[in-house]
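Structural description and commentary
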Amino acid sequence: MKMAEELQDQAALHALGLLEGKEMAAFEKQLFLDTDLRELERELAESAALLAWSSPPRRMPFELQERIGHALGASDDRHKGQVRSTGHSSAWIPWAIAALLFVFCGFLFKEYVELSGASKKAQASDRLLDATLVALSPTEEGPSGATATVAWEDGRQSGVLKVAHLPQPKSGRDYQLWAVDADQKQPVSGGLIRVDKKGEAQMRFQTADPAHHVKAFAISLEKAGGSPTKEGPILLMGHA
């Protein structure tokens, strides 16, 4: 059976703490007897509580005040003249609450996205503070102006490589990053490096095998597609 509109109105008012006296007593008696009504009131109360607690105390932005005002005004105009005899309830109340919740949830979601982005940036910054920074310099065989920096996160077994002034390799060749680990006989591959026309590259890498005691990083010139073990000349190298 479809729930009476008056009960829906009262459920909304009860969730917001606006029912009083005999009206509240009568509604709560009905609430005890009607499972569907209890579920509706619970959902409305949870929505109101979520809005109240999910945002820190602050002055409501003027733009948001206007949008809520327009939403409430539009709902009131659509249902004007349908005021009920209770003195509190009217048919527009659920529509108005829905409009307010929709607008305010949009505002909260925007803030959540902004705060989430700031939190992720802060977490990334914290991880980099714990990272080992290694500066790579050209060897005798490497280009004299080239530079590279590695930020290595041992706990994540990954890092970030930034390269500058490294000329693009000749056809049939690729640059490859290596982690020199004290527990490994051979350097561990960190993947291929693709530099742009300016000789720059920035990438996150992960070693092909675990490397928990890295003592150096190196960049070599390998055959196209790279190699599972270092074969070509080392062009840049830096000790951790």
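Conventions we followed
- Residues numbered from 1 in each chain as written.
- Predicted model: local features only at pLDDT ≥ 70, side-chain atom pairs only at ≥ 80, totals over all residues.
- Heavy atoms only, no water.
- Salt bridge = Lys/Arg side-chain N within 4 Å of Asp/Glu carboxyl O.
- Buried < 20%, exposed > 50% of the residue type's maximum accessible area, 1.4 Å probe, protein only.
- Helix = DSSP H or I, 4+ residues; strand = E, 2+ residues; numbered from the N terminus.
- Polar contact = N/O pair within 3.5 Å; in protein donor to acceptor, adjacent residues only side chain to side chain.
- Contact = heavy atoms within 4.5 Å.
- Expected span 1.5 Å × (residues − 1).
- Arc of directions from axis to C-beta.

Attention shifts here to the pattern of salt bridges. Summed over the entire model, instances satisfying the criterion amount to four salt bridges. Note that Glu-153 is salt-bridged to Arg-156, the shortest N-O span being 3.2 Å. Given a relative accessible area of 6%, Glu-153 falls into the buried group. Judged by relative accessible area, Arg-156 falls into the partly exposed class, the value being 41%. When the shortest N-O distance is used, the salt bridge between Arg-194 and Asp-174 registers 2.7 Å. Of the two residues, Arg-194 is situated in the loop between strand E5 (188–193) and strand E6 (201–206) and Asp-174 in strand E4 (residues 173–181); the sequence distance between them amounts to 20 residues.

Our focus in this paragraph is the side chain of Ser-189. Summarising the element assignment, Ser-189 is placed in strand E5. With a relative accessible area of 14%, Ser-189 lands in the buried category. Within polar-contact distance, the side chain of Ser-189 engages the side chain of Gln-176 at 2.9 Å. A distance of 3.1 Å separates a polar atom in the side chain of Ser-189 from the backbone nitrogen of Gly-191. Beyond its immediate chain neighbours, meaning those up to four positions away, Ser-189 contacts Gln-176, Leu-177, Trp-178, Gln-206, Thr-207 and Ala-208.

Here we come to helix H2 (residues 21–33). An ideal rise of 1.5 Å per residue puts 18 Å on 13 residues; H2 measures up with 19 Å between its terminal C-alpha atoms. Every buried residue of H2 is listed here: Glu-23, Phe-27 and Leu-31. Looking straight down H2, one finds that the buried residues subtend no more than 75 degrees of arc, so they occupy a single side. Exposed and facing more than 90 degrees away from the buried side of H2 are Gly-21, Lys-22, Lys-29, Phe-32 and Leu-33.

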